[in-house]
There are 2 protein chains.
Amino acid sequence: MGRWEPDARGRLARVALELYAERGFEQTTVEDIAERAGVTERTFFRHFADKREVLFDGSGTLEHRLVDAIASAPAGLPPIEVIGRAFADAGAMLEERRDHARRRATVIAANPALQERELLKMAGLGSAATEALRARGVPDPAAALAAQAGVAVFGLGFERWVSGAPSTSLAAAIEGALVDLRAVVAS
Amino acid sequence: MGRWEPDARGRLARVALELYAERGFEQTTVEDIAERAGVTERTFFRHFADKREVLFDGSGTLEHRLVDAIASAPAGLPPIEVIGRAFADAGAMLEERRDHARRRATVIAANPALQERELLKMAGLGSAATEALRARGVPDPAAALAAQAGVAVFGLGFERWVSGAPSTSLAAAIEGALVDLRAVVAS
DNA sequence: TCAGGTGATGTCAGCAACTGTCATCAGGAC
DNA sequence: GTCCTGATGACAGTTGCTGACATCACCTGA
C-alpha cells in the first residue's frame, strides 16, 4: 500500500461516472472529481489523458480480447463469420455488468464530446480487428470491411442488449444484428 | 460589405488548413489563425464552435445533399442500393476539389482529435441517412444498418479516390466499395 | 539496520481553449 | 438624418491540461 488510500484510479473512474450522471459531463470539473475521490487534479491527469478518457478505461481490455478471439477462430471460417463470433465473444466481458454499461451509455449518449471519444474507440476496435484478420491471411479490402461491419453489428447489438429484456445475452444480440446486416446488404 | 475585409469565415477556414498542414494541429493556436486571417481570436469562435470545427465547414452541405439524394431515389429500390447511389451522388460535391480533399485528409489523419471529429461527422451522416430511409418507409433495423454500410463504403471509396489515379471518379470508387462489401458480408 | 532507490502523489506556475459581456461602427430601412 | 442590425473588437474570467520539482511510504541490498 502507498501512503494514501489504494486504487486512486478506480475511485476516480467511479466518481467520474457518478458525477457525469448527476450533473452532466460539462457541468462537472476535473477538480470536482478529484476532490470527491480524495486526490488532487494533477493526479487525475496522471491516470487519465483527459476528462473523457476516464469513461473508457476498459476499452484496451476489450480490444485485446477481440484480437485474441479473431486469432484463435477456426481456420477456414469466412471473415465475416470470424468477426461475428469474435465480437460476440469479446462482448461477453460486459455481460455481468449490464447495469454499469447502461449507466455509462446514458451518460455518453447525452454528450457529443463523449460520443466522439466512443466513436474513436470503436474505430480503434475496427482497426485492431482489421489487423487481426490480415494476420490470418484475409486480404484487403475484405479485412477492413468485415471489421467495420463487425463494429456496426456490435453497436446495434449493444443497443438492443442494454435497452431490451435483461434475459437476452449480448452475444445473442450481436449474432442477431449480423443476421439483419446480411439481409440488408444482400438485397 | 462590412467595415472589414469580406468573408472572414472563408479566410479563417483557408488559413487554418494552411497552418495545420504547416505546423500541425496542436502546434497551431487559434490566435495564430486569427492573426493571419486579420481578425481577433474572438471572431474565430463566433464562426466556428471550436478549433476542430473549422475543418468541417462543408459537412452540413454534404449531409443535405445526401438526404436529398435518398429522398429522390426511385421508389422500390432496395435500401442498400438507395444508399450506394446517394453516397456516390453526394460525393460528387468533392470531385472538383480532389486536391483540397487530399490536403485536408492528410491533416486529419495526422491527429486523433481531428479524427474524432471526422468520425462524429460521419456518424451524423449515418444518422441523417437513417432518418431519410425511414422517411421512405424502410423499417428498422434495415434503415440504420444500410446507412452505416453506406458510411463504411463512402470511407473506403474516399480513401481509394484520394490515393489513387486522378482519373478515377469518387462515385465509381464508392460503387466499387459497395461491391466489395457485398462480397464480404455474403460469404 | 540503515542508505538509497522507486513509484505514486502533492504543489505550483503557466499556457491555451473557450465564454460572457459590453463597446464600436458601417450600412440599410424608414 | 435617426434608428436598427449585424459583424467585429476588447477584455476579463473559467477550465482543461502540462511541466517541473518536492515529498514521502515502501522496498532493496549491503
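Note that the structure is a prediction, hence the values are computed from the model and not measured. (Residues numbered from 1 in each chain as written. Chains lettered and ligands numbered in written order. Predicted model: local features only at pLDDT ≥ 70, side-chain atom pairs only at ≥ 80, totals over all residues. Heavy atoms only, no water.)

Quick notes on the interface of chain A and chain B
Next up, step 1: Contact residues are listed per partner, giving 26 residues for chain A and 26 residues for chain B.
Next up, step 2: The junction of chain A with chain B conceals about 2,300 Å² of combined surface from both sides, 73% of it contributed by carbon and sulfur atoms.
Next up, step 3: Between the two partners, chain A and chain B, sit 4 salt bridges.
Next up, step 4: Between arginine 52 of chain A and glutamate 116 of chain B there is a salt bridge; the shortest N-O distance is 3.0 Å.
Next up, step 5: On inspection of chain A and its partner chain B, the count reaches 8 residue pairs in polar contact (both at pLDDT 80 or more).
Next up, step 6: Secondary-structure elements contributing two or more residues to the side of chain A that touches chain B are helix 7 (112-135), helix 8 (142-163) and helix 9 (170-186) of chain A. (Contact = heavy atoms within 4.5 Å. Buried area = accessible area lost by both parts, 1.4 Å probe. Salt bridge = Lys/Arg side-chain N within 4 Å of Asp/Glu carboxyl O. Polar contact = N/O pair within 3.5 Å; in protein donor to acceptor, adjacent residues only side chain to side chain. Helix = DSSP H or I, 4+ residues; strand = E, 2+ residues; numbered from the N terminus.)

Describing the relation of the copies chain A and chain B
Next up, step 1: Rotating chain A by 180 degrees and moving it 0.0 Å along the rotation axis overlays it on chain B with an RMSD of 0.0 Å. When the rotation and shift are considered jointly, the pair of chain copies conforms to a two-fold rotation axis. Closest approach to the rotation axis among the C-alpha atoms of chain A is made by glutamate 116 of chain A, whose C-alpha sits 2.6 Å away.
Next up, step 2: Most of the interface of chain A is mirrored in chain B: 100% of its interface residues are interface residues there too. (Least-squares fit on C-alpha atoms with pLDDT ≥ 70 in both.)

Some words on the domain arrangement of chain A
Residue and element names in this part refer to chain A.
Next up, step 1: Domain parsing of chain A yields domain 1 (8-47) and domain 2 (59-186).
Next up, step 2: Using only C-alpha atoms to locate each centre, domain 1 and domain 2 end up separated by 28 Å.
Next up, step 3: Between domain 1 and domain 2, the contact holds 5 residues from the first and 7 residues from the second.
Next up, step 4: Contact between domain 1 and domain 2 buries roughly 440 Å² in total, counting both sides, with carbon and sulfur atoms accounting for 83%.
Next up, step 5: It is Leu17, Tyr20 and Phe25 that lose the most area in domain 1 upon contact with domain 2, and together they represent 84% of the buried surface on that side.
Next up, step 6: Summed over the shared surface of domain 1 and domain 2, the number is 0 salt bridges.
Next up, step 7: Inspection of the region where domain 1 meets domain 2 yields 0 residue pairs in polar contact (both at pLDDT 80 or more).
Next up, step 8: Here the residues of the side of domain 1 that touches domain 2 sort into 4 nonpolar, no polar and 1 charged. (Domains from an automatic or database assignment. Nonpolar A, V, L, I, M, F, W, Y, C, P; charged D, E, K, R; others polar.)

Overview of the UniProt feature "domain: HTH tetR-type" (unreviewed entry) in chain A
Next up, step 1: When the UniProt feature table is mapped onto this chain, "domain: HTH tetR-type" (unreviewed entry) is found at residues 6-66 of chain A.
Next up, step 2: The span residues 6-66 of chain A carries 64% helix and 0% strand; its end-to-end C-alpha distance comes to 30 Å. (UniProt positions renumbered as here; feature names shortened; annotations may be inferred.)

Points about unusual backbone geometry
Negative phi is the rule for most residues except glycine; trans is the rule for most peptide bonds.
All names here are of chain A.
Next up, step 1: Here the amide bond leading from aspartate 140 into proline 141 is cis, since omega sits at 0 degrees, within 30 degrees of zero.
Next up, step 2: Relative to the helices and strands, proline 141 is located in the loop between helix 7 and helix 8.
Next up, step 3: A positive phi angle, close to 60 degrees, is found at aspartate 7, a residue other than glycine.
Next up, step 4: On the secondary structure map, aspartate 7 appears in the segment before helix 1 (8-23).
Next up, step 5: A relative accessible area of 46% means that aspartate 7 is categorised as partly exposed. (Buried < 20%, exposed > 50% of the residue type's maximum accessible area, 1.4 Å probe, protein only.)

As for the pattern of salt bridges
Next up, step 1: Per the counting criterion, the structure on display carries 38 salt bridges over all chains.
Next up, step 2: One salt bridge in this structure joins aspartate 57 of chain A and arginine 9 of chain A, with 2.8 Å as the shortest N-O distance. In this pair, aspartate 57 of chain A is assigned in the loop between helix 3 (41-47) and helix 4 (59-71) and arginine 9 of chain A in helix 1, connecting sequence segments 48 residues apart.
Next up, step 3: Overall, the relative accessible area of 36% leaves aspartate 57 of chain A in the partly exposed class.
Next up, step 4: Using a relative accessible area of 32% as the deciding quantity, one classes arginine 9 of chain A as partly exposed.
Next up, step 5: Two residues, aspartate 99 of chain B and arginine 103 of chain B, come together in a salt bridge whose shortest N-O distance is 3.0 Å. Residue aspartate 99 of chain B and its partner arginine 103 of chain B are located together in helix 6 (residues 98-109), separated by 4 residues, close to a single helical turn.
Next up, step 6: For arginine 103 of chain B, a relative accessible area of 44% translates into the label partly exposed.
Next up, step 7: A single salt-bridge network, built from bridges that share partners, covers Asp50, Arg52, Glu53, Glu116, Arg117 and Lys121 of chain A together with Asp50, Arg52, Glu53, Glu116, Arg117 and Lys121 of chain B.

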